[in-house]
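# Notes for the structure review
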Amino acid sequence: MSNENFEPKIVGFMCNWCSYRAADLAGSARIKYPPNVRIIRVMCSGRMDPSFVAKSLSLGADGVMLAGCHPGECHYIDQNYKAMRRYHMLKHMLEALGVEDERVRLFWRSAAEGEQLAEAITEFVGDIKKLGPLKWTDNWEEGDERLEALEAIVKEHEEAMEVNS
Amino acid sequence: MSEGKAKGKLAIYWAASCGGCEIALLGIDDKILAVDENFDIVLWPCAADGKVKDVEKMADGEIDVCLFNGGIRTSEQEYMAQLLRKKSKVLVAFGSCASEGCIPGLGNMDSKESCFKTVYHDSPSIDNPEGVVPQTETEMPEGTLHLPVYYDTLKTLNQTVKVDYFLPGCPPEADRIWDAIVAILEAKLPEPGAVIGTDTTVCDDCPRTREEKKIKKFYRTWEIQPNMDECLLEQGLLCAGIATRAGCGALCPQVNSPCIGCYGANNGVEDYGMQLSSAVASVIDSDDPEEIDAIIKDGIPDPVGSFYRFSLAQSFLRRKNKA
């Protein structure tokens, strides 16, 4: 599936107080990292609802990156521990649904760690490139057989109606 | 209720479902006579006469209300959903299957081939030495016989056609069905697209005492005998009441059995399984990643069956990855 020209679409949810500021720092320090991550700022990693991840993947994201303050350093005391617990539950669920382990990952990056955030993004984008596209909506396409069958039913019923009327 | 008034037209149809919704509808007891007073039942394959070809000859929108139960798994069911949508003024997704896929939707964890293998080969009660499976076309001396195409992925009614109202539950409780029928008769329906029901959760109806939730270990229902007073989730049983719409009267927790979530998501929730699993995960009593992982994997071996038992088809991801 993987190819050299594949540019993955990645959604990144980053907390306002640490990881988003790390991204700002990386920007102002002119640290280079791949442009594949669309960063969405949330107030806290505890705000990262697992359904955001499921929605992103179902709408065409090839990977989802979550990032928040280091454990013990949350702006809201301990909400990043909730994020950690939800992340483990989410991974357990996604594994059962056949989503590769590498596609969703949680990072802890403080506001001072611009370089480390850029490294994480580079590493993550590289891993997703190796995996190739996800194309989740292909999962529920039924193919030509469905349309042919529906057309056949309509035709059959039309004929029957003509005979009966 | 309507002396001398012209009767409306009512259709009741089933697709990928178990038939429990039909029984639930008859659970309104003698009030079914009031339904008959007000409506001509033009189609109800389970309980009344009425032919598809007669529905096909109707004008668009001629049926006043169609109660549609079951998900969409075959081409015939999809055709009927399209037909009844066209012919009905109000289309109600009746019950969990039509609303969110329900148990038939769990088939989305497998492929069509795998479902056929289980049903026509592997089940202990099957005797099928020639390995016969249904074919969409079979040639006979009299001509070609057709069977509908079985889809790989079950879709909900709302993923197939536009639905006006949803009546949740597996099956919907008789009292809630009657409330919905009264709302239809009195023209007191909510905004189209809404769920006909409450916007509270099962916990609101549950008499158990709730304190702070901290879970060190999840138990399967056969592993412990919970007490009758405390919240079942606090006792370590995976109770879905926290995320499930009220409507049943908290029947299961009152007989010491955890809620399994048959009334589906409450208003504003787009993905029931993600919401429930998120809420349950956040009260795990540990800050250590390895311990958290062990608590989850030991206690919840089947996350999809536990959190998406009724709503996999309606979730964002809808099914297991085929790639």
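Note that the coordinates shown come from a computational prediction; the quantities given were computed from them, not determined experimentally.

## Considering the overall build of chain A
Scanning chain A from N- to C-terminus turns up five helices and four strands. Reading chain A from its N end, one meets helices and strands in the order β-α-β-α-β-α-β-α-α. Taking 165 residues into account, the globule formula puts the C-alpha radius of gyration at 15 Å, and chain A, at 22 Å, lies well above it. Along the three orthogonal principal directions, the C-alpha set of chain A runs to about 80 × 35 × 25 Å. Sequence separation of at least 24 residues holds for 83% of the intrachain contacts in chain A that already meet a minimum separation of 6.

## As for the overall build of chain B
Secondary structure assignment for chain B yields 13 helices and nine strands. Whereas a compact globule of 323 residues would reach a radius of gyration of roughly 20 Å, chain B reaches 22 Å, a difference of no more than 12%. Expressed along its principal axes, the backbone C-alpha trace of chain B runs to roughly 65 × 60 × 30 Å. Counting the 323 residues in chain B, one finds 44% classified as buried. Looking at chain B alone, contacts between residues at least 24 apart form 74% of all its contacts between residues at least 6 apart.

## Describing the domain arrangement of chain B
Looking at the assigned domains, one finds that chain B contains domain 1 (8-104 + 152-185), domain 2 (113-149) and domain 3 (202-307). Each of domain 1 of chain B and domain 2 of chain B has a C-alpha centre, and the two are 28 Å apart.

## Focus: the sheet that holds strand β2 (residues 37-42) of chain A
All names here are of chain A. Read from one edge to the other, the open sheet built from four strands follows the order β2-β1-β3-β4, with strand pairing classed as parallel. Only two strands of the sheet have a single partner each, and these edge strands are β2 and β4 (104-108). Taking the axes of each pair of neighbouring strands and ignoring which way they run, one obtains an average angle of 20° across the sheet. Inspection of the sheet shows strand β3 (residues 63-68) paired to β4 by five bridges, in the parallel sense. Considered in β4, the bridge of valine 64 is made with valine 104. Against the sheet, helix α1 (residues 19-28) engages β1 (10-15), β2 and β3, with an angle of about 110° to β1.

## As for the nonpolar core
Within the largest apolar cluster, 133 residues are counted, with the highest numbers of intra-cluster contacts made by Ala11, Tyr13, Cys66, Phe68 and Val92 of chain B. In terms of residue count, helix α3 (residues 79-96) of chain A provides more of this core than any other element does, eight residues in total. Each of domain 1 (8-104 + 152-185) and domain 3 (202-307) of chain B gives at least three residues to this core. If near-sequence neighbours (up to four positions away) are discounted, phenylalanine 68 of chain B is found in contact with Tyr13, Ala81, Leu84, Leu91, Val92, Ala93, Phe94, Ala98 and Leu157 of chain B.

## As for the environment of glycine 27 of chain B
On the secondary structure map, glycine 27 of chain B appears in the loop between α1 (20-26) and α2 (32-38). For the pair glycine 27 of chain B and alanine 174 of chain B, spaced 147 residues apart in the sequence, the C-alpha separation amounts to 5.4 Å.

## Some details on the confidence of the model for chain B
Looking at chain B as a whole, the pLDDT averages 94, with 98% of positions reaching at least 70. Across the interfaces of the predicted complex, the ipTM metric reaches 0.93, alongside a pTM of 0.94.

## Points about the sheet that holds strand β3 (residues 63-69) of chain B
Residue and element names in this part refer to chain B. The strand order β2-β1-β3-β5-β9 describes an open sheet built from five strands, whose pairing is parallel. The open sheet terminates on both sides in strands that have one partner only, identified here as β2 (39-43) and β9 (165-167). Geometrically, the sheet is characterised by an average inter-axis angle of 25° between neighbouring strands, direction not taken into account. Judged from the five bridges that link them, β3 and strand β5 (residues 88-94) form a sheet pairing that is parallel. In the strand pairing of β5, isoleucine 63 is matched with serine 88. Relative to β5, helix α4 (residues 75-87) is tilted by about 135°, and along the sheet it contacts β1 (8-14), β3 and β5.

## Notes on the packing of α3 of chain A against helix α11 (residues 272-282) of chain B
Between α3 of chain A and α11 of chain B, the shortest axis-to-axis distance is 8 Å and the interhelical angle comes to 135°. Taken together, the axes of α3 of chain A and α11 of chain B lie oblique to each other. In this structure, the crossing between α3 of chain A and α11 of chain B has a hand that is right-handed. Judged by residue contacts, Lys82, Arg85, Arg86, His88, Met89 and Met93 of chain A of α3 of chain A engage Ser277, Ser278, Ala281 and Ser282 of chain B from α11 of chain B. A class-by-class count of the residues in the contact of α3 of chain A with α11 of chain B yields three nonpolar, four polar and three charged.

## Observations concerning the interface of chain A and chain B
The partner chain B presents 40 residues to the 35 residues of chain A that form the contact. Elements supplying a minimum of two residues to the side of chain A that touches chain B: α2 (50-58), α3 and α5 (144-164) of chain A. For the side of chain A that touches chain B, the residue count by class is 19 nonpolar, eight polar and eight charged.

## What about the pairing of β3 of chain B?
Here is the key point about a regular strand: its side chains alternate between the two faces of the sheet. All names here are of chain B. The element β3 is largely enclosed, with a buried count of six among its seven residues. As paired elements, β1 and β3 share five bridges and run parallel to each other. By the bridge assignment for β3, alanine 11 is matched with cysteine 66.

## Looking at the pairing of β3 of chain A
All names here are of chain A. The element β3 is largely enclosed, with a buried count of six among its six residues. Side chains Gly63, Met65 and Ala67 of β3 all project onto a buried face; the interleaved residues Val64, Leu66 and Gly68 project onto the opposite face, where all are buried too. As defined by bridge partners, β1 adjoins β3 across five bridges and the pair is classed as parallel. Looking across to β3, one finds that methionine 14 is bridged to alanine 67. Once the chain exits β3 it traverses α3 before rejoining the sheet at β4, and the crossover so formed is right-handed.

## A word on unusual backbone geometry
In this chain, cysteine 170 of chain B is followed by proline 171 of chain B through a cis amide linkage whose omega measures -10°. Relative to the helices and strands, proline 171 of chain B resides in the loop between β9 and α8 (174-185). One non-glycine residue, isoleucine 77 of chain A, adopts positive backbone phi at about 70°. Its location among the elements puts isoleucine 77 of chain A in the loop between β3 and α3.

## Points about α1 of chain A
Counting along an α-helix, one turn takes 3.6 residues, and residues three or four places apart therefore face a common direction. Residue and element names in this part refer to chain A. Turning to α1, its buried residues number three or more, namely Ser19, Tyr20, Arg21, Ala22, Ala23 and Ala26. Check the buried side of α1 and you find it contacts β1, β2, β3 and α4 (114-131). Following α1 by one or two positions, arginine 30 has its phi on the positive side, about 55°.

Conventions adopted
Residues numbered from 1 in each chain as written. Chains lettered and ligands numbered in written order. Predicted model: local features only at pLDDT ≥ 70, side-chain atom pairs only at ≥ 80, totals over all residues. Helix = DSSP H or I, 4+ residues; strand = E, 2+ residues; numbered from the N terminus. Rg over C-alpha atoms; globule rule 2.2 N^0.38 Å. Contact = placed C-beta atoms within 7 Å. Buried ≥ 20, exposed ≤ 12 C-beta atoms within 10 Å, placed from the backbone. Domains from an automatic or database assignment. Pairing = 2+ DSSP bridges. Axes fitted to C-alpha atoms, helices over the stretch in contact; angles between N-to-C directions. Core = buried A, V, L, I, M, F, W, Y, C linked by C-beta atoms within 7 Å. pLDDT = per-residue confidence, 0-100. Parallel < 35°, antiparallel > 145°, perpendicular 65-115°, else oblique. Left-handed = near helix turned anticlockwise from the far one by under 90°. Nonpolar A, V, L, I, M, F, W, Y, C, P; charged D, E, K, R; others polar. Right-handed = clockwise from strand over helix to strand, strands pointing away.

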